[in-house]
Amino acid sequence: EAQVTQNPRYLITVTGKKLTVTCSQNMNHEYMSWYRQDPGLGLRQIYYSMNVEVTDKGDVPEGYKVSRKEKRNFPLILESPSPNQTSLYFCASSLTGYGYTFGSGTRLTVV
Amino acid sequence: EDQVTQSPEALRLQEGESSSLNCSYTVSGLRGLFWYRQDPGKGPEFLFTLYSAGEEKEKERLKATLTKKESFLHITAPKPEDSATYLCAVRTNDYKLSFGAGTTVTVRA
């Protein structure tokens with residue numbers, strides 16, 4: 001089944017403890033992207049990638065890192081999480097950079 | 001800065017009561033406008049892409065239209081299963097997608 005898989009689905013962590021949210025797609029898509037979704041603010045793009053080793057900042061990149069060493073994987077790294085990064089995170093991929101397929105989301109709580 | 005504004009924020013409909021959702025945008029160089037559906041606790045599901053003014057797309061009870069300044073998502077004779085949050089997004093000359101805050105539609109039987 002064609003899909004974007006994120007892990008974990010739920011995560012509670014403490015301020016300052018480094019964490020990684022994994023994202024993998026099995027559709028051989030070139031484009032991948034990370035979003036956060038907050039009530040009243042909608043989906044905001046964090047980082048995106050057009051191909052292996054090619055990444056760029058979205059609208060809210062501060063406090064996040066990404067890497068794209070393989071085409072299928074696009075992990076999101078929070079080096080020192082803070083409470084304002086508590087949010088619902090989505091990974092998405094696309095063959096052309098137009099219609100995206102989204103993962104099921106990761107609900108992160110930083111205390 | 002690119003802006004995408006959706007209205008209304010919430011819409012409550014009776015089953016069979018047709019209505020429209022609005023997405024207005026201000027962007028420099030539109031490369032595509034997208035509609036997504038999002039159910040509670042799930043990721044957005046792609047519905048349509050519109051590329052140029054005058055274009056229309058249909059899927060079951062949904063019809064999306066595009067002008068130079070806005071897009072409409074028309075829901076004809078909705079059913080309870082059409083209840084969801086509908087998201088609008090635009091892509092400009094770079095590869096960024098900018099989303100609106102969404103319209104939450106509730107259809108009562």
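Up top is the structure.
Rules and cut-offs
- Residues numbered from 1 in each chain as written.
- Chains lettered and ligands numbered in written order.
- Predicted model: local features only at pLDDT ≥ 70, side-chain atom pairs only at ≥ 80, totals over all residues.
- Heavy atoms only, no water.
- Helix = DSSP H or I, 4+ residues; strand = E, 2+ residues; numbered from the N terminus.
- Rg over C-alpha atoms; globule rule 2.2 N^0.38 Å.
- Buried < 20%, exposed > 50% of the residue type's maximum accessible area, 1.4 Å probe, protein only.
- Contact = heavy atoms within 4.5 Å.
- Areas by Shrake-Rupley, 256 points an atom, 1.4 Å probe, with all protein chains shown as cover.
- Lys, Arg positive; Asp, Glu negative; His and termini not counted.
- Charge placed at Lys NZ, Arg CZ, Asp CG, Glu CD.
- Pairing = 2+ DSSP bridges.
- Buried area = accessible area lost by both parts, 1.4 Å probe.
- Salt bridge = Lys/Arg side-chain N within 4 Å of Asp/Glu carboxyl O.
- Polar contact = N/O pair within 3.5 Å; in protein donor to acceptor, adjacent residues only side chain to side chain.
- Nonpolar A, V, L, I, M, F, W, Y, C, P; charged D, E, K, R; others polar.
- Disulfide = S-S within 2.5 Å.

Visitor: Explain the overall build of chain A to me, using residue names and the numbers behind them.
Guide: Along chain A, the regular secondary structure elements total zero helices and eleven strands. From first element to last, N terminus to C terminus, chain A shows the α and β order β-β-β-β-β-β-β-β-β-β-β. In summary, chain A has a C-alpha radius of gyration of 13 Å against a globular reference of 13 Å for 111 residues, a match within 12%. The principal-axis extent of the C-alpha atoms belonging to chain A is close to 35 × 25 × 25 Å. Considering chain A as a whole, with its 111 residues, one finds that 50% of them fall into the buried category. Taking the intrachain contacts of chain A between residues at least 6 apart in sequence as the baseline, contacts between residues at least 24 apart amount to 53%. Of the roughly 5200 Å² that chain A leaves accessible, carbon and sulfur atoms contribute 51%. Within chain A, the 9 negative side-chain charges are centred at a point lying 6 Å from the centre of the 12 positive side-chain charges.

Visitor: Provide a residue-level description of the pairing of strand E1 (residues 3-7) of chain B, including the pertinent values.
Guide: All names here are of chain B. Residue alternation in E1 divides its side chains into a buried set, Val-4 and Gln-6, and an unburied set, Gln-3, Thr-5 and Ser-7. Alignment of E1 against strand E3 (residues 19-26), held across five bridges, turns out to be antiparallel. Note that in E3 the partner of Ser-7 across the bridge is Asn-22.

Visitor: Could you give me a rundown of the interface of chain A and chain B, with the residues and numbers involved?
Guide: With 22 residues of chain A at the interface, the matching set in chain B holds 20 residues. Summing the contributions of chain A and of chain B, the shared interface buries around 1700 Å²; its carbon and sulfur component is 55%. When residues of chain A are sorted by the area they lose upon contact with chain B, Leu43(A), Tyr98(A) and Phe102(A) head the list and together hold 35% of the total. Where chain A touches chain B, the interface holds zero salt bridges. At the boundary of chain A and chain B, one finds four residue pairs in polar contact (both at pLDDT 80 or more). At the level of secondary structure, the elements contributing two or more residues to the side of chain A that touches chain B comprise strand E4 (31-38) and strand E5 (42-51) of chain A. A total of five residues in the side of chain A that touches chain B trace back to one element, the largest contributor, which is E5(A). A breakdown of the residues in the side of chain A that touches chain B according to their chemical character gives nine nonpolar, ten polar and three charged.

Visitor: Summarise unusual backbone geometry; cite the residues concerned and give the values.
Guide: Of all residues except glycine, most have a negative phi; of all peptide bonds, most are trans. The omega torsion across Asn7(A) and Pro8(A) is 0 degrees, close enough to zero to call that bond cis. Mapped onto the secondary structure, Pro8(A) falls in the loop between strand E1 (4-7) and strand E2 (10-13). Look at the link from Ser7(B) to Pro8(B): it is a cis peptide, with omega at -10 degrees. The residue Pro8(B) is located in the loop between E1 and strand E2 (10-14) in this model. Even without glycine at this site, Glu53(A) takes up a positive phi of about 65 degrees. Tracing the backbone through its elements, the reader meets Glu53(A) in the loop between E5 and strand E6 (54-57). The backbone of Ala77(B) sits at a positive phi, close to 45 degrees, despite the residue not being glycine. Positionally, Ala77(B) belongs in the loop between strand E8 (70-75) and strand E9 (84-91). Among the residues examined, Ala77(B) registers a relative accessible area of 36% and is labelled partly exposed.

Visitor: For the pairing of E3(B), give the residues involved together with the corresponding values.
Guide: In this sheet, E8(B) lies alongside E3(B) in antiparallel orientation, the contact comprising six bridges. Counted as the bridge partner of Asn22(B) is Phe72(B) from E8(B).

Visitor: Summarise the state of the cysteines; cite the residues concerned and give the values.
Guide: For the structure on display, the rule yields two disulfides over all chains. Each disulfide pairs two cysteine sulfurs, and for Cys23(A) the partner residue is Cys91(A), the sulfurs being separated by 1.9 Å. Judged by the sign of its S-S torsion, about -70 degrees, the cystine formed by Cys23(A) and Cys91(A) is left-handed. In this pair, Cys23(A) is assigned in strand E3 (residues 19-25) and Cys91(A) in strand E9 (residues 87-94), connecting sequence segments 68 residues apart. Comparing Cys23(A) with Cys91(A) shows no difference in burial state: the two are buried. The disulfide bridge from Cys23(B) ends at Cys88(B), spanning 1.9 Å between sulfur atoms. With the S-S bond torsion at -60 degrees, the cross-link from Cys23(B) to Cys88(B) turns out left-handed.

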